[in-house]
Amino acid sequence: MSDTTLTTAPCPECDAAVRCDEGTLVNEILACPDCGAELEVTSLQPFALALAPEVEEDWGE
Amino acid sequence: MIRAAVVGAAGYAGGELARLLSGHPEVELAQVTSSRLAGRWLHAAHPNLRGVSELRFVDEADLAPCDVLFLALGHGEAAQRIERYAGLAERVVDLSADFRLNDAAAYERWYGAPHPAPEWLGRFTYGLPEVSREALRGARYASGVGCNATAANLALLPLARSGVLERVVLEVKVGSSEGGAQAGPASHHPERAGCLRSFAPTGHRHQAELELVLGPQEVHFSATAVERVRGVLCTAHAFLTEDLEEKDVWRLYREHYASEPFVRLVKERTGLYRYPEPKLLAGTNWCDVGFERDPASRRLVVMSALDNLMKGAAGTAVQCMNLMCGLDETAGLGFPGLHPCE
């Protein structure tokens, strides 16, 4: 396992540790393993995440 | 191999026990009893077990000694014959309400009659591993759990244990199998079909187990029967002593349930199943728990879901047996459920 697989950043939504795998790119969208939030990689050094913009779903009236 | 028997195996919880024990890697299901169906095949009552088990029901009078005896009788029956049962097996797991409470006065208050064997109450361990795991290890006697109580207790336990639960108002929506295998006027199809029936707005007996597990917090509990066969969905409106952020609640639930093999946190920002859904849990031993914080108050809405016949009855009972016998706690309970399903 390379060092990069040990890098994590907290999910901005639920604080889960989200892993940065080898080959991850800035602006890539990751999914939080706990809450499913879509997260945009804003930086690799240090590894940082922000909530990605979402299209709201219509759950009806 | 552990030799097990199920007393009252013609009922729904008894049938689930027979299903689980028939597939358990460390158990031989030796006997199943039903006075009404003695001599008939097990699959006469539980057709899903055709080809799985070749057992026939025996009369309870013909029950032989075994290692673990599961009692799946109606409330009040196990307590009347507990001396006999305890003489037949080293370990007993009773699924009824007879030994859930540790106080005879509380039993009489909630169940409306004096306990038939009050001297036995203190010998039983409450059979919810998430609450009494260490006491269950090696124990000889374990009680069952109330299905609705288990959904509510697992929803609220992290809040109660961390001291942030001030009071809670909760409702459980439940399937018809909670009413058991014996039909009555209220379960007659023309009467039952399509109903959303408030059958216990107050005073449900499972409240006694909430008080037992959660402690002295103010708990208000209602139950509604809905158009399903299996499943419980608990919606709890918990009012907290302090204003927690969502991340704080995540942390609290994660810490509490991180090592629990059968409790999952389900709270997704996207997707079709964002919160616990009983439909997905049929036949499994999972209890799924999710929550949402009301940003305008100290109300936290906590949802939990389970299969009332599994995590709410037979599944938890087998989990108890595993602990009592020193087995892998998850043995025989690995079914992950179906998707899609009805």
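All figures in this text were calculated on a predicted structure; none of them were measured in a lab.

K.L.:
In this structure, what is going on with unusual backbone geometry? I would like to understand it.
P.N.:
A cis amide bond links Gln-45 of chain A with the next residue in sequence, Pro-46 of chain A, at an omega value of 5 degrees. Within the fold, Pro-46 of chain A resides in the loop between strand E4 (38-44) and strand E5 (47-51). Pro-340 of chain B follows His-339 of chain B through a cis peptide bond whose omega is -5 degrees. Looking at where Pro-340 of chain B falls in the secondary structure, it is placed in the segment after helix H11 (310-324). Unlike most non-glycine residues, Asp-15 of chain A shows phi in positive territory, near 75 degrees. Residue placement: Asp-15 of chain A occurs in the loop between strand E1 (8-10) and strand E2 (17-19).

K.L.:
For this particular structure, what's the right way to read the packing of helix H7 (residues 147-161) of chain B against helix H9 (residues 207-214) of chain B?
P.N.:
Helix packing geometry: the angle between the two helix axes and the distance between the axes. All names here are of chain B. Their axes nearest at 10 Å, the elements H7 and H9 cross at an angle of 25 degrees. Viewed along their axes, H7 and H9 adopt a mutual orientation that is roughly parallel. When the axes of H7 and H9 are compared, the crossing they make is right-handed. Contacts between H7 and H9 pair Ala-149, Ala-152, Asn-153, Leu-156, Leu-157 and Ala-160 from the former with Glu-209, Leu-210, Val-213 and Leu-214 from the latter.

K.L.:
What am I meant to see in the domain arrangement of chain B here?
P.N.:
When the parts of a complex come together, some accessible area is lost, and that lost area is often used as the size of the interface. Residue and element names in this part refer to chain B. Domain annotation of chain B identifies domain 1 (2-124) and domain 2 (147-306). A separation of 27 Å is found between the C-alpha centroids of domain 1 and domain 2. Between domain 1 and domain 2, the contact holds twelve residues from the first and 15 residues from the second. Roughly 1100 Å² of surface becomes buried between domain 1 and domain 2 when both sides are summed, with 55% attributable to carbon and sulfur atoms. Looking only at domain 1, the three residues that lose the most surface to domain 2 are Tyr-12, Arg-100 and Trp-110, adding up to 52% of its buried area. Our count for the domain 1 to domain 2 interface comes out at two salt bridges. Among the ionic pairs, Glu-209 bridges to Arg-100, the shortest N-O distance being 3.0 Å. Sorting the residues of the side of domain 1 that touches domain 2 by element identifies helix H1 (12-22) and helix H5 (104-111) as the ones contributing at least two each. Considering each element in turn, the side of domain 1 that touches domain 2 owes the most residues, three residues, to H1. Of the residues belonging to the side of domain 1 that touches domain 2, the class tally is five nonpolar, three polar and four charged.

K.L.:
How do you make sense of the interface of chain B and chain A when you look at a structure like this?
P.N.:
If you look at the interface, chain B gives eleven residues, while chain A gives 14 residues. Each partner contributes to the roughly 1200 Å² buried at the junction of chain B and chain A, and carbon and sulfur atoms together form 40% of this total. Together, Lys-247, Arg-254 and Arg-269 of chain B form the three largest contributors to the area buried by chain B at its contact with chain A, with a combined 48%. The tally of links from chain B across to chain A stands at three salt bridges. As a salt-bridge pair, Glu-13 of chain A and Arg-269 of chain B come within 3.1 Å of each other at their nearest N and O atoms. Here chain B and chain A share six residue pairs in polar contact (both at pLDDT 80 or more) between them. Partitioned by chemical class, the residues of the side of chain B that touches chain A number two nonpolar, two polar and seven charged.

K.L.:
What am I meant to see in the environment of Glu-134 of chain B here?
P.N.:
All names here are of chain B. Take Glu-134: it is sitting in helix H6 (residues 129-136). Once the C-alpha coordinates of Glu-134 and Phe-124 are considered, the two residues, ten residues apart in sequence, prove to be 13 Å apart. For Glu-134, the side chain forms a polar contact with the side chain of Arg-137, separated by 3.2 Å.

K.L.:
Even after reading the chapter, I still don't get H5 of chain B, so can you show me in this structure?
P.N.:
Counting along an α-helix, one turn takes 3.6 residues, and residues three or four places apart therefore face a common direction. All names here are of chain B. If you check which residues of H5 are buried, you get Ala-106, Tyr-107, Trp-110 and Tyr-111. Along the axis of H5, the buried residues cluster in a sector spanning 105 degrees; they form a single face. Looking at the buried side of H5, the elements it contacts are H9.

K.L.:
When you look at H6 of chain B in this model, what are you seeing that I'm missing?
P.N.:
Residue and element names in this part refer to chain B. Buried within H6 are the following residues: Pro-129, Glu-130, Ser-132, Arg-133 and Leu-136. Among the structural elements, strand E6 (141-143), H7, strand E11 (263-265) and H11 are those in contact with the buried residues of H6. Looking one or two residues past H6, Gly-138 carries a phi angle of roughly 80 degrees, positive in sign.

K.L.:
Just checking my understanding: could you explain the confidence of the model for chain B for this structure?
P.N.:
It should be kept in mind that the predicted coordinates are not to be read in detail where pLDDT is low. Per-residue confidence for chain B averages 95 on the pLDDT scale, and 100% of its residues sit at or above 70. The complex model carries a pTM of 0.93, and its ipTM stands at 0.74.

K.L.:
I tried to follow the sheet that holds strand E4 (residues 66-71) of chain B on my own but got confused; where do I start?
P.N.:
Each strand in a sheet pairs with another by means of backbone hydrogen bonds, the pair being arranged parallel or else antiparallel. Taken in spatial order, the six strands of this open sheet run E3-E2-E1-E4-E5-E6 (chain B), and their pairing is parallel. Taken across any chain shown, the strands that pair with only one partner, and hence form the sheet edges, are strand E3 (57-58) and E6 of chain B.

K.L.:
How do you make sense of the packing of H7 of chain B against helix H10 (residues 246-257) of chain B when you look at a structure like this?
P.N.:
All names here are of chain B. Where H7 contacts H10, the axes come no closer than 9 Å and their chain directions differ by 105 degrees. Relative to H10, H7 is oriented roughly perpendicular. On H10, the residues that touch Asn-153, Leu-154, Ala-155, Leu-156, Leu-157, Pro-158, Leu-159 and Arg-161 of H7 are Leu-252, Tyr-253, His-256 and Tyr-257. Taken together, the residues that form the contact of H7 with H10 break down as nine nonpolar, two polar and one charged.

K.L.:
It is not clear to me how the nonpolar core should be interpreted in this structure. Could you clarify?
P.N.:
Proteins that are soluble and globular tend to have nonpolar side chains buried together. Counting 58 residues, the largest nonpolar core has Cys-11 and Cys-32 of chain A together with Leu-156, Leu-159, Leu-170, Tyr-253 and Val-302 of chain B as the members making the most contacts within it. No other element matches H7 of chain B, which puts nine residues into this core. Those residues in contact with Cys-32 of chain A that sit more than four places away from it in its chain are Cys-11, Cys-14, Ala-16, Val-18, Ala-37 and Leu-39 of chain A. Counting residues in hydrophobic clusters, the runner-up holds 36 residues, among them Ile-2, Leu-17, Leu-55 and Ala-313 of chain B.

Rules behind the numbers
Counting starts from 1 at the beginning of each chain's written sequence and moves along it residue by residue. Chains carry letters and ligands carry numbers; both start at the beginning, A for chains and 1 for ligands, and go up in the order they are written. The model is predicted, so local features are restricted to residues of pLDDT at least 70 and side-chain atom pairs to those at 80 or more, both for listing and for counting; the totals for chains, interfaces and linings are taken over all residues. Computation of side-chain values: all heavy atoms of the structure, hydrogens and water removed. Strands are runs of DSSP state E lasting at least two residues, helices are runs of H or I lasting at least four, and both sets are numbered from the N terminus onward. The axes used here are C-alpha line fits, helices contributing only the stretch in contact, and every angle between their N-to-C directions lies in the interval 0 to 180 degrees. Angles are sorted into four bins: roughly parallel if under 35 degrees, roughly antiparallel if over 145, roughly perpendicular if 65 to 115, and oblique for all others. Definitions for this section: a left-handed crossing has its near helix turned counterclockwise from the far helix by less than a right angle. A right-handed crossing has that turn clockwise. Only heavy atoms enter the contact rule, under which two residues are in contact if any of them lie within 4.5 Å. Domain boundaries shown here were taken from an automatic or database domain assignment. Buried area is a sum: the accessible area each of two parts loses on coming together, probed at 1.4 Å, counted once for each and added. We define a salt bridge as a side-chain nitrogen of Lys or Arg found within 4 Å of a carboxyl oxygen belonging to Asp or Glu. Three residue categories are used. Nonpolar comprises Ala, Val, Leu, Ile, Met, Phe, Trp, Tyr, Cys and Pro, charged comprises Asp, Glu, Lys and Arg, and polar comprises the others, including Gly. Within 3.5 Å is the distance limit for a polar contact, defined as a pair of N or O atoms, with the added protein rule that one can donate a hydrogen and the other accept it, and that residues adjacent in sequence qualify only through two side-chain atoms. A 1.4 Å probe rolled over the protein chains alone gives each residue an accessible area, and that area as a share of the maximum for its type sets the label: buried under 20%, exposed over 50%, partly exposed in between. Throughout, the arc means that of the directions going from the helix axis to the C-beta atoms. The pLDDT value expresses, per residue, how confident the predictor is, ranging between 0 and 100. By this definition, two strands are paired if DSSP reports at least two bridges between them. To qualify as a nonpolar core, a set must consist of buried Ala, Val, Leu, Ile, Met, Phe, Trp, Tyr and Cys residues joined through side-chain atoms within 4.5 Å.

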